[in-house]
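In case you want the letters, here they are:
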Amino acid sequence: MQTDAGVIRCPQCAQQLRVDRGHVTWCDRCDWNVDPNPPDRQDPAWRQRLEHALADTLYRELERGKLHRPGWDAARLAAYGLAGLLLLIPLLSFLAGIALLVFYRPLWLCIPLAAIAFCVALLLRPRATHLPPDAYVVQRDEAPVLFTLLDEIATVVGTPPVVAVAVDAEPNISFGRVGWRFQPVIGLGLSLWATLSPQERVAVLAHELGHGKNGDARHGWVIGAAESVLRQLNEVFSNQPMDEYRLDMAAAIGATHSNGHLSRVINSIVGPVVRGYTWLLERVSLRSNQRAEYLADRRSGEIAGSDAAAWALERSLLADTAYRALERALRFEKELEPLEVVRRAVTEVPQREIERRLRLSRLREIRTDSSHPPTYLRARLIRTRPATTARVVLGLNENRAVDRELVPAAEHVLKELRAELAQ
Ligand SMILES: [Zn+2]
Ligand SMILES: [Zn+2]
């Protein structure tokens, strides 16, 4: 229905639409073509409705200012119960193995049985989280300005100082606790970090450090350890090529000549149980996880100023644009500074496209992962609360100093990614 070069009429409501080369043409009156490639959904419709309803009621509670720290509600107790139960299994298996060896005879029967018990204990043992192997770790003395900023935000949030910053190329900024001492670490994804203005950087860091303060179930050790055990189990008991654990287990049972068949049988029994358990744990932690996101956003608004916090959230909708620009720059535009290309790609995105992505997040209810409520609700909540001024301000000079401090990390990370892309 082309009426003019650069303008078409909406096929649904006949409103005139500007065609923006390189971006999706859509209608802001009737939402026509807001989502040109709807994804194949694997989740059943009732689950999407449930999650949406959950996010919406939470939003309303927060809007009225009712919600405080995540409390010990039934869902949280259930999450801890499920996680605790899972963590008891390795301990009980280990004890059972010892008991078998000590009390059970004949020995030729009890040794393989004890071996199975020890295998289960080994397989299900909780593991400490480690830094991702491809991340470049920046220590305190290498980036004094960045750590001063992090300390300042941590103090206002009321959380212990960060011990290290793990830099990678991902379009994501995260908070985690690593090792058995659960030391707080910030993950800095350069393709997102590069696109943020100074105050948006404060907002994102305040959001992440807010997770450290809220005692989020997701970051708590019990739930985290249970999740890591489930992840491990999922890997082991999906139908992949031979796996050392399954081989061990099959060998322990004495079925060396029928490995393939036996592992398929084990997979078909254990696999669905593991997936079901994962699903259940996710469901019961969903509410407290989503609440944690809203609370972290609120804290981010209080610390960085509500405008910057809302902007930073909307910026995250452009994360894939940023990452694709980075890949393109590393592959084809070798004479340009890659992060500068990313910055330009993101600032060139018109406001109308950002608005489309916000509406898309409402339509699809996309979340960064299932623990995140839809971005449009999060941004709206920040914008509907009374505007706040910043408590922590990152000046332009300090911001440039932070960028300089991150140069060695950026060079290393981008070099690795370039090599990876060249393969
Ligand atoms: Zn229309
Ligand atoms: Zn978050």
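Fair warning: this is a prediction, and the values are worked out from it, not measured in the lab.

Participant: An account of the overall build of the protein is requested, with residue identities and associated values reported.
Facilitator: The secondary structure content of the protein amounts to 16 helices and seven strands. For the protein, the proportion of its 423 residues judged to be buried stands at 47%. Restricting to contacts in the protein with at least 6 residues of sequence separation, those with at least 24 account for 69%. Summed over all atoms, the accessible surface of the protein reaches about 21,500 Å², with 58% contributed by carbon and sulfur.

Participant: I'd like a rundown of the sheet that holds strand 7 (residues 183-189), residues and numbers included.
Facilitator: Pairing is mixed in the open sheet, where four strands are placed in the order 4-5-7-6. Each end of this open sheet is capped by a strand with a single partner; those strands are strand 4 (136-139) and strand 6 (173-178). Averaged over neighbouring strand pairs, the angle between their axes works out to 30° when direction is ignored. Where strand 6 and strand 7 come together, six bridges link them in antiparallel fashion. Along strand 7, the bridge assignment pairs Gly-176 with Val-185. Here helix 4 (residues 144-157) sits on the sheet in contact with strand 4, strand 5 (164-168) and strand 7, set at roughly 115° to strand 5. In the packing of helix 6 (residues 198-213) onto the sheet, contacts are made with strand 6 and strand 7, and the angle to strand 6 comes to roughly 30°.

Participant: Mind laying out the coordination of the zinc ion (ligand 1), listing which residues take part and the relevant values?
Facilitator: Around the zinc ion (ligand 1), the protein contributes the donor atoms Cys-10 (SG), Cys-13 (SG), Cys-27 (SG) and Cys-30 (SG), which lie 2.2 to 2.3 Å from the metal centre. Coordination at the zinc ion (ligand 1) is tetrahedral, judged from the four donor atoms that bind it and the angles of 105 to 116° they form at the metal. Given the relative accessible area of 22%, Cys-13 is considered partly exposed. When its relative accessible area of 25% is taken as the criterion, Cys-30 is described as partly exposed.

Participant: Help me get a handle on the environment of Asp-56, residues and values and all.
Facilitator: Inspection of the secondary structure assignment puts Asp-56 in helix 1 (residues 45-63). Look at Asp-56 and you get buried, because its relative accessible area is 18%. The spacing of Asp-56 and Pro-374 is 318 residues in sequence and 9.3 Å in space, taken between C-alpha atoms.

Participant: Requested: an account of the pattern of salt bridges, with residues and values cited.
Facilitator: Enumeration according to the criterion identifies 16 salt bridges in this entry. One salt bridge connects Arg-352 with Asp-28, and the closest N-O pair in it is separated by 3.6 Å. Placement of Arg-352 in helix 13 (residues 351-364) and of Asp-28 in the loop between strand 3 (16-18) and helix 1 is noted, with a sequence separation of 324 residues between them. For Arg-352, a relative accessible area of 22% gives the class partly exposed. Exposure remark for Asp-28: the relative accessible area of 34% places this residue in the partly exposed category. Arg-324 is the partner of Asp-320 in a salt bridge, and the nearest nitrogen-oxygen pair spans 3.1 Å. One end of the pair, Asp-320, and the other, Arg-324, are both in helix 11 (residues 319-332), four residues apart, so they sit about a helical turn from each other. Within this structure, Asp-320, Arg-324, Glu-353, Arg-356 and Arg-357 form a network of salt bridges that share partners.

Participant: Talk me through the side chain of Ser-361; I want residue IDs and the actual numbers.
Facilitator: If you trace the backbone, Ser-361 turns up in helix 13. A relative accessible area of 0% places Ser-361 in the buried class. Engagement of the side chain of Ser-361 in a polar contact is seen with the backbone oxygen of Leu-358, the distance being 3.0 Å.

Participant: Describe the coordination of the zinc ion (ligand 2), naming the residues involved and giving the relevant values.
Facilitator: Six octahedral donors around a metal ideally sit at 90 or 180 degrees from one another, while four tetrahedral donors ideally sit at 109.5 degrees. All of the protein donors around the zinc ion (ligand 2) are His-207 (NE2), His-211 (NE2), Glu-293 (OE) and Glu-293 (OE); their distances to the metal are 2.1 to 2.7 Å. Bound by four donor atoms, the zinc ion (ligand 2) shows angles of 52 to 136° at the metal and therefore irregular coordination geometry. Within one chain, the residues serving as donors to the zinc ion (ligand 2) are arranged as H-x3-H-x81-E. Separated by 86 residues along the polypeptide, His-207 in helix 6 and Glu-293 in helix 9 (residues 259-304) bring together distant segments of the chain.

Calculation notes
All residue numbers refer to positions counted from 1 along the written sequence of the respective chain. Whichever chain is written first is A, and whichever ligand is written first is 1; the rest continue in order. Two thresholds apply to this predicted model, a pLDDT of at least 70 for residue-level local features and 80 or more for giving and counting side-chain atom pairs, whereas whole-chain, interface and lining totals are computed over all residues. Only heavy atoms go into the side-chain values, all of them from the structure, while hydrogens and water stay out. Helix and strand assignments come from DSSP, with helices taken as H or I runs of at least 4 residues and strands as E runs of at least 2, each series counted from the N terminus. Type-normalised accessible area, obtained with a 1.4 Å probe on protein chains alone, sets the label of each residue: buried when under 20%, exposed when over 50%, and partly exposed for intermediate values. Two residues form a contact once any of their heavy atoms are found within 4.5 Å. Only the protein chains shown count as cover for residues, and the accessible areas themselves come from Shrake-Rupley with a 1.4 Å probe. Should DSSP find at least two bridges between two strands, the strands are regarded as paired. Structural elements are reduced to axes, namely lines fitted to C-alpha atoms, with helices fitted over the stretch in contact, and the angle between N-to-C directions of any two is expressed from 0 to 180 degrees. We call an atom a donor if it is N, O or S and sits within 2.8 Å of the metal, or 3.2 Å for Na, K and Ca. Water is not counted, so some sites may look partial. Note on geometry labels: four donors, all angles 85 to 135 degrees, give tetrahedral; four donors become square planar and six octahedral when opposite donors are over 155 degrees apart and every other angle is between 65 and 115; remaining cases are irregular. Counted as salt bridges are all cases of a side-chain nitrogen of Lys or Arg within 4 Å of a carboxyl oxygen of Asp or Glu. Residues adjacent in sequence count toward polar contacts only when both atoms are side-chain atoms; beyond that, a polar contact is any pair of N or O atoms within 3.5 Å, and within protein one must be able to donate a hydrogen and the other to accept it.

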